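Close look at the chain arrangement
Here's the letter readout for the chains.
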Amino acid sequence: MKTRNPTLARITPATLVGATCVLAMLYFGREILEPLAVAAILSLIITPLVRKLAGLGLNRTAAAFVSVLLVGACVVSLAVVLAFQLASVTSDLPQYREAIQEKIESVRTLTERPFARLEEELSAVIPQAQTPAPDAAKSRGAKSAVAHQPPAPAPAATPQMSVRGALARLFSLAWGPIGQAGIVLVLLVFILLEQESLRDRVVRLAGRAEMSRTMKALGDAAEGVSRFFFSQFVVNAVFGTTMGLGLWLAGVPHAVLWGTLCGVLRFVPYLGALASGVVIAVFIAAIDPGWWLALSFLALFVSLEALVANFIEPRVYGHSSGLSPLAIIVSALFWGSLWGPVGLLLSTPLTLCLVVAGRHVAALEPITILLGEAPNMSHAERFYQHALAGESDAVIREGRAYLAKNSFAKYCDQVLLPGLALASLDLRNEQIEEVQQTRLRATGLRLIETLTQTPGTANARRFGRRQAVPLLNSSIGAHLRQLRLARLGRWQGSLDVPSRSVVLCAGLTNERDELLSELPVHALRVAGIDARGVTLDEQNERPDASKSELVSTVFIVFPQKEGFDRWLAAVNDLRGGLPQALLVTIRPPFDAEIMEQAAVSGHVDMVLSSFEEGLAFVAAGNRAAVS
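What you see as residue numbers is a count from 1 along each chain, following the sequence as written. Per-residue local features of the predicted model are confined to residues with pLDDT of at least 70, and side-chain atom pairs are confined, for both listing and counting, to 80 or more; whole-chain, interface and lining totals are unaffected and use all residues. Each side-chain value is worked out from all heavy atoms of the structure, with water and hydrogens disregarded.

Next up on the list: the overall build of the protein. Helix and strand labels come from DSSP, where a helix needs a run of H or I of at least four residues and a strand needs a run of E of at least two; each type is numbered from the N terminus. Check the secondary structure of the protein and you find 25 helices and five strands. For the exposure calls, accessible area comes from a 1.4 Å probe over protein chains only, and a residue counts as buried if that area is under 20% of its type's maximum, exposed if over 50%, partly exposed in between. Counting only residues that meet the buried cut, the protein has 36% of its 627 residues in that class. Of all intrachain contacts in the protein linking residues separated by at least 6 positions in sequence, the fraction that spans at least 24 positions is 73%. For the protein, the accessible area works out to roughly 37,300 Å², and carbon and sulfur atoms hold 64% of it. Contacts between residues were defined by any pair of non-hydrogen atoms, one from each residue, lying within 4.5 Å. Per-residue accessibility takes into account occlusion by the displayed protein chains alone, with areas from the Shrake-Rupley method and a 1.4 Å probe.

Listed below in structure tokens is the structure:
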């Protein structure tokens, strides 16, 4: 019986219709929603300042007004500085006219030279067609056209605009931005004043049963947006200051304007930094007679942008946004197409709010999965996904990265065995095709061969460059054991070892037990423990009774319901052959077909829950024996 993905199951026709209606409302209602969204985002940014002022003794209303006035004063001051700088640039452009014309002419010469040379080569190869020019006919035709041409109409008098009309036109041009800013300011003040009331209304709308989840969602959204914008403001301010200082030291005019432009445009995801760099490079190339200064600026800009984007931002606020890089670009395109420049500027915080809401609201969970910083997939699920696709290189690369920080026993507990359990479940539900089963087996075999090899040995070098997987149709565990037997001999090592220094890992003759008994052998050997594997059904793999004192512990694979009688008989046989050894079994938490622990614990000395516990148990026993 096949199961459906619960996330995909929520995407119904009704959901698609609802999403279409929301998109239509966002597009056609942007005149109302734009200022409301800007005010809401600004309120989240200013809220920490309001709380800080309220903590200093101001009441809520005074703190809100003071915060708005401080932020407004900063924005107005920045706008005034930029306006004066732009006016200065406009007034200085005439003195750069000659340099600009020379630079344009040089660029034109560089671009036209290849085409001129190509035209000369073509003219040398292809003869030009000679067409006689009838001068007399041209002259007569021209005279006739002039004679029949109607007289040109007299130019109409340009009406003089009155002072009242000029003022009205200026007011109409300025009313749009000023009016929008005024609406945003009014909405911002009221949102700050009614913030607690609005929060209570949202909680009440969600219902009392969802109060805790709603409060957490609102808190996460506010904290995420505030932290992201504050971190971004600091990084962009430092970036703009550094660029402005560098341009000022290089003698570029209006360095304050260009530094501010670099910092401000970086708030627009990706495109802003590119636009500022191109504009400044074009300006420098236009005013400088040569190309060295423009190329030097581009080198400085690209180096600093690469340093900030790849090293500083990931450490300062790369994970605070909660969005993947691709999601930031997609959100910028989406909101920019809906709301234009305002949507482009608000794309990151708006999408961040949706991603945070998707962690708490089931209907928005697909947005969080698609646009979130991480797909919320465990290491085991990622292993299973790569194994189904046959991407063995990716599986090995991730396995080595995991082993660089953790033990092989933990890798088996957290990644390998849970991933194989997912495969087993899908196999029982007939959700894996034959091709996928082959890929899964080949990937698992190559992974375990690579991770269980001993570094520096001949087998390790051979496995590192092997091109084919032998014994593909056999059990992976049995194949690994054959490799170890071929390398170490019948008893997998010398029998001339100290008493109680050998640990046996035993299982029945089936694919599951052979793998689960082989993995702990390597986990123990990596830790410096003399571990060896045996098959309970085959007597010839066991050492004779005279060597029983060498074995201190026997790890027996936890039995399944089917074959429990065989397992019980093998355990009783071990009790008789190794009376001094401890019998230990590890209960896998992901296997639904295993026996109840109560039925197993009476036949062994100890039941553990993970390979890591088994490794710690044996290591502790060895330390006690040495001491």
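Back to the text.
For the rest of this paragraph, the subject is the environment of threonine 450. Here threonine 450 is to be found in helix H19 (residues 434–451). Taking C-alpha positions, threonine 450 is 9.7 Å from glycine 399, a pair spaced 51 residues apart along the chain. Ignoring anything within four residues of it in the chain, the contact list for threonine 450 reads Ile396 and Arg400.

Next up on the list: the confidence of the model for the protein. Each residue carries a pLDDT value, the predictor's own confidence for that position, ranging from 0 to 100. Residues of the protein with pLDDT of at least 70 account for 74%, and the chain-wide mean is 75. Confidence drops under a pLDDT of 50 for residues 136–147, and excluding neighbours within four residues, the segment shows one contact in the predicted structure. In the predicted structure, residues 155–161 sits below a pLDDT of 50 and forms two contacts with residues beyond four places in sequence or in another chain.

To qualify as a nonpolar core, a set must consist of buried Ala, Val, Leu, Ile, Met, Phe, Trp, Tyr and Cys residues joined through side-chain atoms within 4.5 Å. In this structure, Tyr411, Leu416, Leu447, Leu519, Leu524 and Phe555 are the most contacted members of the largest nonpolar core, which totals 36 residues. Excluding its chain neighbours within four sequence positions, the residues that come into contact with tyrosine 411 are Phe383, Gly399, Tyr402, Leu403, Leu416, Leu447 and Leu451. By size, the runner-up hydrophobic cluster in this structure holds 27 residues, among which are Leu26, Leu44, Val50 and Phe228.

Another point: the packing of helix H18 (residues 408–428) against helix H22 (residues 511–526). At a minimum axis distance of 10 Å, the contact between H18 and H22 shows a crossing angle of 155 degrees. Here H22 runs roughly antiparallel to H18, going by the angle between their axes. Note on packing geometry: the crossing formed by H18 with H22 is right-handed. On H22, the residues touching Phe408, Ala409, Cys412, Leu416, Leu417 and Leu420 of H18 are Leu515, Leu516, Leu519, His522 and Ala523. Across the contact of H18 with H22, the residue classes tally to 10 nonpolar, one polar and no charged. Axis angles are defined between N-to-C directions and span 0 to 180 degrees, where every axis is a line fitted to C-alpha atoms and, for a helix, only to the segment in contact. Working rule for angles: under 35 degrees goes down as roughly parallel, over 145 as roughly antiparallel, 65 to 115 as roughly perpendicular, anything else as oblique. Take the far helix as your reference; a near helix turned counterclockwise from it by less than a right angle gives a left-handed crossing, and one turned clockwise gives a right-handed crossing. Asp, Glu, Lys and Arg are counted as charged, while Ala, Val, Leu, Ile, Met, Phe, Trp, Tyr, Cys and Pro are counted as nonpolar; the rest, among them Gly, fall into the polar class.

It is worth spelling out the pattern of salt bridges at this point. Oppositely charged side chains are able to pair whenever their charged atoms sit close together. Whenever a carboxyl oxygen of Asp or Glu lies within 4 Å of a side-chain nitrogen of Lys or Arg, that contact is scored as a salt bridge. A complete count under the given rule lists five salt bridges for this structure. Across the salt bridge formed by arginine 512 and aspartate 513, the nearest N and O atoms sit 2.9 Å from each other. Exposure remark for aspartate 513: the relative accessible area of 4% places this residue in the buried category. Among the ionic pairs, aspartate 605 bridges to arginine 575, the shortest N-O distance being 3.2 Å. Of the two residues, aspartate 605 sits in the loop between helix H24 (597–601) and strand E5 (606–608) while arginine 575 sits in helix H23 (residues 564–577), which places them 30 residues apart along the sequence. Using a relative accessible area of 39% as the deciding quantity, one classes aspartate 605 as partly exposed. On the basis of relative accessible area, arginine 575 is assigned to the partly exposed category, the value being 32%.

Looking now at the pairing of strand E4 (residues 582–586). For E4, a buried count of four out of five residues is recorded, marking the element as mostly surrounded by other parts of the structure. Strands are labelled as partners when DSSP assigns at least two bridges between them. Of the strand pairs in this sheet, strand E3 (residues 551–557) and E4 are connected by five bridges, and their pairing is parallel. Note that in E4 the partner of isoleucine 556 across the bridge is threonine 585. Viewed along the sheet, the connection from E3 through H23 into E4 turns out right-handed. We call a crossover right-handed when, viewed with the strands running away from us, the connection from the first strand over the helix to the second turns clockwise.

The subject of this paragraph is unusual backbone geometry. Unlike most non-glycine residues, histidine 254 shows phi in positive territory, near 60 degrees. Along the chain, histidine 254 falls in the loop between helix H9 (211–249) and helix H10 (255–265). Of note, arginine 500 is a non-glycine position whose phi angle comes to about 55 degrees, a positive value. Along the chain, arginine 500 falls in the loop between helix H21 (476–488) and strand E1 (502–507).

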